[in-house]
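Report on the structure
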Amino acid sequence: MSSLGGSLDQNPPNADRHITEGGSDWLWAVTAIMGLSTLGMVLWQTTRPRGTRFFHNIALIILTTSTIAYFAMASDLGATPVRAEFSRGTTNTRQIWFVRYIQWFINFPLLLILLLFSTGLSVSDILTTAFFSWVVVICGLVGALVPSAYKWGFFVFGLLALFYIWSVLLGHGPRTTFNAGQTTRSGYVRGSGLVAFITLLYPIAWGCSEGGNVISPTGEMIWYGILDLILGPLFLYHFLFGLRNVDYGAFGFHSGKHTDGAYGGPDGGVGAGPNMKTAGGGATGARDVV
Amino acid sequence: MSSLGGSLDQNPPNADRHITEGGSDWLWAVTAIMGLSTLGMVLWQTTRPRGTRFFHNIALIILTTSTIAYFAMASDLGATPVRAEFSRGTTNTRQIWFVRYIQWFINFPLLLILLLFSTGLSVSDILTTAFFSWVVVICGLVGALVPSAYKWGFFVFGLLALFYIWSVLLGHGPRTTFNAGQTTRSGYVRGSGLVAFITLLYPIAWGCSEGGNVISPTGEMIWYGILDLILGPLFLYHFLFGLRNVDYGAFGFHSGKHTDGAYGGPDGGVGAGPNMKTAGGGATGARDVV
Amino acid sequence: MSSLGGSLDQNPPNADRHITEGGSDWLWAVTAIMGLSTLGMVLWQTTRPRGTRFFHNIALIILTTSTIAYFAMASDLGATPVRAEFSRGTTNTRQIWFVRYIQWFINFPLLLILLLFSTGLSVSDILTTAFFSWVVVICGLVGALVPSAYKWGFFVFGLLALFYIWSVLLGHGPRTTFNAGQTTRSGYVRGSGLVAFITLLYPIAWGCSEGGNVISPTGEMIWYGILDLILGPLFLYHFLFGLRNVDYGAFGFHSGKHTDGAYGGPDGGVGAGPNMKTAGGGATGARDVV
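Model, not experiment: these values are computed from the prediction. (Residues numbered from 1 in each chain as written. Chains lettered and ligands numbered in written order. Predicted model: local features only at pLDDT ≥ 70, side-chain atom pairs only at ≥ 80, totals over all residues. Heavy atoms only, no water.)

Structural notes on the pattern of salt bridges
Counted by the stated rule, this structure contains nine salt bridges over all chains. One salt bridge in this structure joins Arg94(A) and Glu220(A), with 2.6 Å as the shortest N-O distance. Of the two residues, Arg94(A) sits in strand E2 (residues 93–97) while Glu220(A) sits in helix H8 (residues 217–242), which places them 126 residues apart along the sequence. Note that Arg100(B) and Glu210(B) form a salt bridge whose closest N and O atoms lie 3.9 Å from each other. (Salt bridge = Lys/Arg side-chain N within 4 Å of Asp/Glu carboxyl O. Helix = DSSP H or I, 4+ residues; strand = E, 2+ residues; numbered from the N terminus.)

Some thoughts on helix H4 (residues 98–116) of chain B
Residue and element names in this part refer to chain B. For H4, spanning 19 residues, the distance from its first C-alpha to its last is 27 Å, which sits close to the expected 27 Å at 1.5 Å a residue. Its maximal kink placed at tryptophan 104, H4 deviates by approximately 30°. The buried fraction of H4 amounts to 15 of the 19 residues, a majority that puts the element mostly inside the structure. (Expected span 1.5 Å × (residues − 1). Bend = angle between axes of the 7 residues up to and from the residue. Buried < 20%, exposed > 50% of the residue type's maximum accessible area, 1.4 Å probe, protein only.)

Thoughts on the state of the cysteines
Residues and elements named next belong to chain B. Taken as a whole, this structure holds zero disulfides over all chains when the rule is applied. In this structure cysteine 208 is not part of a disulfide, and its nearest cysteine sulfur, from cysteine 139, lies 19 Å away. On the basis of relative accessibility, which here comes to 22%, the residue cysteine 208 falls in the partly exposed class. (Disulfide = S-S within 2.5 Å.)

Remarks on the packing of aromatic side chains
Between two aromatic rings, the relevant description is the distance of the centres plus the angle of the planes. Residue and element names in this part refer to chain B. Counted by the stated rule, this structure contains 54 aromatic pairs over all chains. Seen in terms of ring centroids, tryptophan 104 and tyrosine 224 are 5.1 Å apart; in terms of plane orientation they differ by 65°. Their pairing is edge-to-face. Linking tryptophan 104 in helix H4 with tyrosine 224 in helix H8 (residues 217–242), this pair joins segments that are 120 residues apart in sequence. For the pair formed by tryptophan 104 and tyrosine 224, the shared burial category is buried. Measuring from ring centre to ring centre gives 5.4 Å for phenylalanine 163 and tryptophan 166, while their planes differ by 90°; the resulting arrangement is edge-to-face. Of this pair, phenylalanine 163 and tryptophan 166 are both found in helix H6 (residues 151–175), three residues apart, which corresponds to roughly one turn of the helix. (Phe/Tyr/Trp six-rings, centres within 6.5 Å; stacked < 30°, edge-to-face > 60°.)

Digging into the environment of Leu77(C)
Within the secondary structure, Leu77(C) is located in the loop between helix H3 (54–74) and strand E1 (79–83). We classify Leu77(C) as buried; its relative accessible area is 13%. Excluding anything up to four places from it in sequence, Leu77(C) contacts Val146(A), Tyr150(A), Phe154(A), Asn11(C), Ala72(C), Trp97(C) and Val99(C). (Contact = heavy atoms within 4.5 Å.)

Things to note about the side chain of Arg94(A)
Residue and element names in this part refer to chain A. Given the relative accessible area of 1%, arginine 94 is considered buried. Within the structure, arginine 94 has its side chain in polar contact with the backbone oxygen of isoleucine 215 (distance 2.8 Å). In this view, arginine 94 contacts Ala15, Arg17, Thr80, Pro81, Val82, Ser209, Glu210, Asn213, Ile215, Ser216, Pro217 and Glu220; residues no more than four positions away in its chain are not counted. (Polar contact = N/O pair within 3.5 Å; in protein donor to acceptor, adjacent residues only side chain to side chain.)

Quick look at the packing of H4(B) against H6(B)
Residue and element names in this part refer to chain B. The contact between H4 and H6 brings their axes to 11 Å, and the two run at 20°. Comparing their axes, H6 and H4 come out roughly parallel. Our pair here, H4 against H6, has a crossing hand that is left-handed. Facing Phe108, Leu112, Leu115 and Leu116 of H4, the residues of H6 in contact are Leu162, Ile165, Val168 and Leu169. The class makeup of the residues in the contact of H4 with H6 is eight nonpolar, no polar and no charged. (Axes fitted to C-alpha atoms, helices over the stretch in contact; angles between N-to-C directions. Parallel < 35°, antiparallel > 145°, perpendicular 65-115°, else oblique. Left-handed = near helix turned anticlockwise from the far one by under 90°. Nonpolar A, V, L, I, M, F, W, Y, C, P; charged D, E, K, R; others polar.)

Comments concerning unusual backbone geometry
A negative phi angle characterises most non-glycine residues, just as the trans form characterises most peptide bonds. All names here are of chain B. Look at asparagine 213: it is not a glycine, yet its phi comes out positive at around 55°. Structurally, asparagine 213 can be placed in the loop between helix H7 (182–211) and H8. For asparagine 213, a relative accessible area of 1% puts it in the buried group.

Regarding the UniProt feature "transmembrane region" (unreviewed entry) in chain A
All names here are of chain A. The UniProt feature table records "transmembrane region" (unreviewed entry) at residues 26–47, 54–73, 101–119, 126–146, 152–170, 191–209 and 221–241. Taken end to end, residues 191–209 is 100% helix and 0% strand, and its first and last C-alpha atoms sit 27 Å apart. The span residues 221–241 shows a helical share of 100% and a strand share of 0%, and its end C-alpha atoms are spaced 29 Å apart. (UniProt positions renumbered as here; feature names shortened; annotations may be inferred.)

A few points about the environment of Thr91(B)
All names here are of chain B. Locating threonine 91 in the fold gives a position in the loop between strand E1 (79–83) and strand E2 (93–97). Classification of threonine 91 as buried rests on a relative accessible area of 10%. Filtering out sequence-adjacent residues up to four positions away, threonine 91 remains in contact with Arg17 and Asn213.

Here we look at the pairing of strand E2 (residues 93–97) of chain C
Residue and element names in this part refer to chain C. With respect to burial, E2 is a largely interior element, five of its five residues being buried. Bridge count between E1 and E2: five bridges; the pairing is antiparallel. Note on E2: the bridge partner recorded for valine 82 is arginine 94. (Pairing = 2+ DSSP bridges.)

Observations regarding the confidence of the model for chain A
All names here are of chain A. Per-residue confidence for chain A gives a mean pLDDT of 82, with 82% of residues at or over 70. Within the model, the stretch residues 1–5 combines pLDDT values under 50 with seven contacts to residues more than four positions away or in other chains. Confidence over residues 258–290 falls short of pLDDT 50; this stretch has 102 contacts with residues more than four positions distant or in other chains. Two numbers describe this predicted complex: its pTM, 0.85, and its ipTM, 0.83. (pLDDT = per-residue confidence, 0-100.)

Structure below.
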């Protein structure tokens, strides 16, 4: 893939400490995996009956975003030079990859929504948790762009927001009733444990790269890239595979607007599609955000 | 209107290839049309009973955004100089109008939501389609800002996202059941055909202006301006006029929070407003995002 | 708190007319109040039964955003130099605090949603009003960044959007039926009056600072800071305190996904939590965005 490139020749970096050609090659490889996962998700989605694609829709959005973000990074586009707080020898400015934060701004809340919608938390609690994932991402971005020691202030705000997210993921989420039953519950517990653990490794990477300028931008790319692959294709395919036989109607939301006869229409819910149990007499007309 | 201006004198362009005073005059004319359409939509909206303004609300947001975006462009504000890949004679840098993409970022997904909410697609499928309209817009913006040949990579990503949108507009959408009946269906089919055709002309304009630097920024303004007028005021007024007699309650969503007695309240749906059929006994209490 | 600082030494301003060390001290004080209010809201939220935290969730998001924004401003981060239209003596460029507009972009629509969800307006009308609050904020930001007299064009657009918001707050809102009864109604009327009055003082501050360059950036910080404290901690705690005994289920939305037994599940609504009246037989299965 690097034959496409000479990315660094065509889009020359403008910071003293920047990624190498090898780093760009690694990024092309991640781009390829992300792209193939996206294509696979499009195909998988079409095999699901319409109106039961909520989780697949979210996974598709996450993978599409990652593909384009990694394409940009592999092309050596999407970074800005920032004066490093700690110069580490000859460094004056370091590449700060803002495109990475655009990716996370879209993907982190969606990942939490994907996970938490399988629990019994209220939509308002779920969206508040998603907001705190934005706090994490924005504080990481602003902290990375600030040259002085004040960057660590934003880092601390981001960590506090992460604690809020962990408390919801590991504390509140599992204590709710899982309408879709025990399979979903154990899938959720494993999933949320993984997400909590991996999101712990992100701030450590931040401290070593954008924060402390200890590892090189190429090392940063490998570290974040592996984490993005785990929380991206690996986690998503595993989680969705675990949900494949779950009674979709049991999640407690109805993909209300869908009207292929699979769901109760406005006349009171006369039809129920395959793999779909009708709720209660009156409740079938209920509609939700999904 | 150009008497307001000398826009180019007051806000001098900083790129070699920029819009002319004539281009600014054309933009003032478009601004005026957009502004009048916005005012008209505010008035039209007030004639609709509250709780049945979903489509008018969206149209109002689209027209307001266009008005302000065109005001900025007519003022020669909202562009940044970018080194052109193909210099075309003496050009070194070309005005790239990022404000245009901010406009589309808001308007394109809303246009799709407006159209697709008249079909029977699920909300999650509709929002995923809206996400892909963001992919189109963002890839267009990033591609326009990248000076090297890599801009065409983003262009290709944008085209792929457009194919997804077209497949939903022309493939999935018409195959669902239209709760609001045959009038809505034929209105949708004509509307989605128009939107699919016009959205095909946008990337061609991009290739000639931001991409290939073939036509001048003034030519770009005329091309995009006509397309924006067609998908803006023209399409919106036509589409909403087609919906004027449609039974609003039949769309399968209830503007749930509205409580002027026109809708079933939480006590089980005792009242039905004019032009509004109550759904089923239990279903009237159902509430939706609208 | 200013001992943390020497903010101006560590993050030196790059505009001719900028905040003083005293201004930074004031901003540290506001940051502290905002931070304590956020902590208090986290604690208060945990005392509410899950699924009834909609208004507290919104207040928490508003206060978190303000805390981080004021932390940035106190650190002398988040401003950009813009050539002033009126030089006022020796001024050439003035600090324009864009971080302030990021704060409002998040907080202003949420404040309106908080208020208007206690009325009987439809969700689509509420979100349209929230959109116009974005118009106000974005026009304020763009106007502040534009050096020429054209800034006042954006100012006028922002004022027009404010008129729309005031007409909804004071005109449409009170005329709807308040499901939650007279207490909510009078709370809303007082709240919306306050918000309408305070939002009138914001554009005056804008005209004196970002617009006319009459008062200094430090004066601007004090003016906006007091307004943000009134509409932030003061208003939110007062408004939520007024709602503390209101029957939450009466707002006409059900925090649908929540499944601790407090709400009717998909089997038709058999349980009703404390302080929660079941609606109608069928309607209990209804679900909403909250």
